[in-house]
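Results of the structural survey
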Amino acid sequence: MKLLKTLLPAMVVSFSALTASSAIAAQWHMPTPYGDANLPTKIAYDFAEQVKASTDGDVDITVHSGASLMKHPEIPRAVRTGQVQLGEVFIGIMGNTHPIFKHDNIPFLATDYEQAQKLWEAAKPEIEKQLSKEGMILLYTVPWPAQSLYTKKPVNALADIKGTKMRAYSPSTSRLADLMNTTPTTVQVPDIPQAFSTGIIDAMITSPSTGANGQAWDYLSHFNEIKAWIPKNFVVVNKRAFKRLDKDDQKAILDAAAKAEARGWNEVTAQEAKDTKTLADNGIVVSQPSAQLLGELQAIGQTMTNEWEQENPAALTPVLSAYSAK
Ligand code: PCA
């Protein structure tokens, strides 16, 4: 009995020491859609490292890049249901979940990084609201370089690509392809080279990064810098998984997320310049859009902005007003 009395407090102490230490570290899995050469993926690895360091190992995140754990379209549901604790998603692919997610792929609504940041600030409250309904919390976002037009020949007007097959990567880009009088075909990034070489697509609108990483010079020749929109990925966490952590660990994650977001906006311009140079160095003709092409695309952008707003004026008109007020 005496022995037990002296041992018991020690046991209690060591048990609480155990629960506060990494002995119960949360092992989190983070699927991402894009490969390691992409800025968002580099930031994801860095984020995971920072979280591990600043939570003293309480939260240990394994990044599964390049859709290696699950396909891109499956990631939102996996986070929502808690199959994984967090994940990275291209915001535009959630366009059919709620129209607020389409703010990200509307042509000529925001065409430089300053505008894109303002649009993001305007859209963020509604994004967070919709994510919350789905049991998710927004951690951070990373912008892609501006989206421009890749083709196999020079394009001076939309008539030059009429009837061709255009890659789409979201509901909004499918609609855009329709309005350009082209035929949309959804193709994920890893399948782009083969889709071009087998004639499934003839053209695409994406960043210089995705063109450079996919060696676009092997299957096309022209890059027209229409810079039509600046889309983003976001990283979202399952609400229950997050709430299970103690306050210090939650704060450490939010701090690391804020740093990740700042890094993306800081580095995207340099990334854009570097990848555009890679395209040119490999023989792709990099050009500026003609006044006619730009005018035609801007008119489509206006149509798409109007259509988008009409999908849910109660939610979207305030976003557009907040954006134009900035
Ligand atoms: N690359 C990704 C998303 C936007 C981008 O620049 C893609 O083409 O799917």
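We now turn to the structure provided with this report. (Residues numbered from 1 in each chain as written. Predicted model: local features only at pLDDT ≥ 70, side-chain atom pairs only at ≥ 80, totals over all residues. Heavy atoms only, no water.)

**Observations regarding the side chain of Ser-209**
As a reminder of what qualifies: Helix and strand assignments follow DSSP, with helices taken as H or I runs no shorter than four residues and strands as E runs no shorter than two, numbered in order from the N terminus. Partly exposed residues are those whose accessible area sits between 20% and 50% of the maximum for their type, while under 20% is buried and over 50% is exposed, using a 1.4 Å probe and protein chains only. We call two residues in contact when some of their heavy atoms are within 4.5 Å.
With respect to the element layout, Ser-209 can be found in helix H7 (residues 208–213). By relative accessible area, which is 4% here, Ser-209 ends up buried. Ignoring anything within four residues of it in the chain, the contact list for Ser-209 reads Pro-145, Gln-271 and Asp-275.

**Quick notes on the nonpolar core**
The cut-off we apply is this: Nonpolar cores are built from buried Ala, Val, Leu, Ile, Met, Phe, Trp, Tyr and Cys residues. Side-chain atoms within 4.5 Å join them into one set.
Counting residues in each nonpolar core, the largest one holds 81 residues, and the members touching the most others are Trp-28, Phe-47, Tyr-140 and Phe-234. For this core, the element with the highest residue contribution is helix H4 (residues 113–133), accounting for eight residues. The contact partners of Phe-47, leaving out residues within four places of it in the chain, are Met-30, Ile-61, Leu-86, Leu-139, Tyr-140, Ile-253, Ala-256, Ala-257 and Ala-260. Residues Val-187, Ile-201, Phe-223 and Ile-284 belong to the second largest nonpolar core, which totals 14 residues.

**With respect to helix H2 (residues 39–54)**
What counts is decided by this rule: Each residue after the first adds 1.5 Å to the expected span of a helix.
Taking 1.5 Å of rise per residue, 16 residues should cover 22 Å, and H2 covers 22 Å from first to last C-alpha, within 8% of that figure. Within H2, the full set of buried residues consists of Leu-39, Pro-40, Thr-41, Ile-43, Ala-44, Phe-47, Ala-48 and Val-51. Residues of H2 that are buried in the fold lie against strand E1 (26–31), strand E2 (59–64), strand E3 (86–90), strand E4 (136–143), strand E10 (232–238) and helix H9 (247–281). Positive phi shows up at Asp-56, right after H2, with a value of about 50°.

**Thoughts on the side chain of Thr-173**
The cut-off we apply is this: We define a polar contact as two N or O atoms separated by no more than 3.5 Å, with the added condition that, inside protein, one atom must be a possible hydrogen donor and the other a possible acceptor, whereas residues neighbouring each other in sequence contribute only through side-chain atom pairs.
Mapped onto the fold, Thr-173 is located in helix H5 (residues 171–179). Looking at Thr-173, its side chain comes within polar contact range of the main-chain nitrogen of Tyr-169, at 2.9 Å. Here Ser-170 takes part through its backbone nitrogen, which lies 2.9 Å from a polar atom of the side chain of Thr-173. Not counting residues within four places of it along the chain, the set of residues in contact with Thr-173 comprises Asn-105, Ala-168 and Trp-229.

**Structural notes on the sheet that holds E4**
Note the cut-off: The rule for pairing is simple: two strands pair if DSSP sees at least two bridges between them. Orientation is described by lines fitted to C-alpha atoms, with helices fitted over the stretch in contact, and by angles between N-to-C directions that extend from 0 to 180 degrees.
Taken in spatial order, the three strands of this open sheet run E3-E10-E4, and their pairing is antiparallel. Either end of the sheet is taken by a strand with one partner, and the two such strands are E3 and E4. Across the sheet, the axes of successive neighbouring strands diverge by a mean angle of 25°, strand direction being ignored. With seven bridges joining them, E4 and E10 adopt antiparallel strand pairing.

**Some thoughts on the environment of Leu-131**
With respect to the secondary-structure elements, Leu-131 resides in helix H4. Residues Leu-131 and Pro-99, spaced 32 residues apart in sequence, show a C-alpha to C-alpha distance of 12 Å.

**Details of the sheet that holds strand E11 (residues 285–287)**
Taken together, the four strands give an open sheet; going across it, the order is E8-E5-E9-E11, and neighbouring strands pair in mixed fashion. A strand with exactly one partner marks an edge of an open sheet, and here the two such strands are strand E8 (204–206) and E11. Sheet twist, expressed as the mean angle between neighbouring strand axes with direction ignored, is 25°.

**Regarding the pattern of salt bridges**
To keep it simple, the criterion reads: What counts as a salt bridge is simple: a side-chain nitrogen of Lys or Arg found within 4 Å of a carboxyl oxygen of Asp or Glu.
Applying the stated criterion to the full structure yields 13 salt bridges. Between Glu-114 and Lys-118 there is a salt bridge whose closest N-O contact spans 3.6 Å. Linking Glu-114 with Lys-118, this pair stays in helix H4, spanning four residues, or about one helical turn. Since its relative accessible area comes to 55%, Glu-114 is described here as exposed. Of the residues examined, Lys-118 reaches a relative accessible area of 27% and is grouped as partly exposed. Taking the shortest distance from any N to any O, the salt bridge between Lys-277 and Asp-281 comes out at 2.8 Å. Placement of both Lys-277 and Asp-281 in helix H9 is noted, with a separation of four residues, approximately one turn of the helix.

**Regarding unusual backbone geometry**
Phi at Ala-67 takes a positive value of approximately 55°, unusual for a residue other than glycine. Within the secondary structure layout, Ala-67 lies in the loop between E2 and helix H3 (75–81). For Ala-67, a relative accessible area of 28% puts it in the partly exposed group. Located in the positive-phi region is Asn-181, a residue other than glycine, with phi close to 60°. Mapped onto the fold, Asn-181 is located in the loop between H5 and strand E7 (183–186). Look at Asn-181 and you get partly exposed, because its relative accessible area is 46%.

Without other data, these values stay purely geometric and don't point to any function.
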